[in-house]
Amino acid sequence: LIPTMVGFTSIIYRDEFFSDPEHNYFPELLKLVFLSAAIHQVCFLAFSSLPFAVGQVQDAGLIFLSSMAVKIVDKMKGSPPDEVISTVVTALALSTALLGILLIFTGYMRLAGLVQYL
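As the structure is a computational prediction, the values presented were derived from the model and not from experiment.

What counts, and where the lines are drawn
- Residues numbered from 1 in each chain as written.
- Predicted model: local features only at pLDDT ≥ 70, side-chain atom pairs only at ≥ 80, totals over all residues.
- Heavy atoms only, no water.
- Helix = DSSP H or I, 4+ residues; strand = E, 2+ residues; numbered from the N terminus.
- Expected span 1.5 Å × (residues − 1).
- Contact = heavy atoms within 4.5 Å.
- pLDDT = per-residue confidence, 0-100.
- Phe/Tyr/Trp six-rings, centres within 6.5 Å; stacked < 30°, edge-to-face > 60°.
- Buried < 20%, exposed > 50% of the residue type's maximum accessible area, 1.4 Å probe, protein only.
- Arc of directions from axis to C-beta.
- Core = buried A, V, L, I, M, F, W, Y, C linked by side-chain atoms within 4.5 Å.

Draft legend 1. Region of interest: helix α2 (residues 26–47). Between its terminal C-alpha atoms α2 stretches 31 Å, which fits the 32 Å expected from 22 residues at 1.5 Å a residue. Where the residues of α2 are buried, they touch α1 (2–12) and α4 (81–108).

Rendered as structure tokens:
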């Protein structure tokens, strides 16, 4: 689990801004990824209808999260580092939460079969 989460953090926050020695945010971002993975696993265990369920963060969305983080950093060149990191973390958290809500809605409304037509 630990090497996986470190790898995920390295992929999501691959821009040099996040590991710049002047304002190295990587340790805090690593802790944030560990926390989000733990919350994900606890929620999966608590709310799954399967008695043998084991939750694990998947790597499918990492490319999109990484792309979003890099683009936000590029757009905010010249801004104070604290504003950039706040914007990146907030944008990634809100977009991930919105995706989760939409996935729950899709399952609740039994619309998963329609996804094949996209």
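From this point on, the discussion continues.
Draft legend 2. Quick peek at the confidence of the model for the chain. Taken over all residues, the pLDDT of the chain has a mean of 89, while the share at 70 or more is 98%. Ranking the elements of the chain by mean pLDDT puts α2 last with 89 and helix α3 (residues 62–75) first with 95.

Draft legend 3. Examining the packing of aromatic side chains more closely. Counting across every chain of the model gives three aromatic pairs. With a centroid separation of 5.3 Å and 80° between ring planes, the pair formed by Phe 17 and Phe 18 is classed as edge-to-face. Centroid distance Phe 17 to Tyr 25: 5.8 Å. Interplanar angle 35°. Geometry classified as tilted. Both residues of the pair, Phe 17 and Tyr 25, count as buried. Among the aromatic residues, those joined into a cluster by ring pairs are Tyr 13, Phe 17, Phe 18 and Tyr 25.

Draft legend 4. Broad picture of α3. For α3, spanning 14 residues, the distance from its first C-alpha to its last is 20 Å, which sits close to the expected 20 Å at 1.5 Å a residue. Of the positions making up α3, those classed as buried are Leu 62, Leu 65, Ser 66, Ala 69, Val 70, Ile 72 and Val 73. Across the axial projection of α3, the buried residues extend over an arc of 160°, all falling on one side. For α3, the exposed residues set more than 90 degrees away from the buried face come down to Ile 63, Phe 64, Lys 71 and Lys 75. Summarising the contacts, the buried residues of α3 are in contact with α1 and α4.

Draft legend 5. The arrangement of the nonpolar core in detail. With 20 residues, the main nonpolar core has Tyr 13, Phe 17, Phe 18, Val 88 and Leu 92 as its most contacted residues. Among the elements that take part in this core, α3 stands out by supplying five residues, more than any other. Once you skip the residues sitting within four places of it in the chain, Val 88 turns out to touch Tyr 13, Phe 18, Ala 69, Ile 72 and Val 73.

Draft legend 6. The side chain of His 23, seen in detail. The topology assignment puts His 23 in the loop between α1 and α2. Contacts of His 23, omitting those with residues within four sequence positions, involve Phe 17, Phe 18 and Pro 81.

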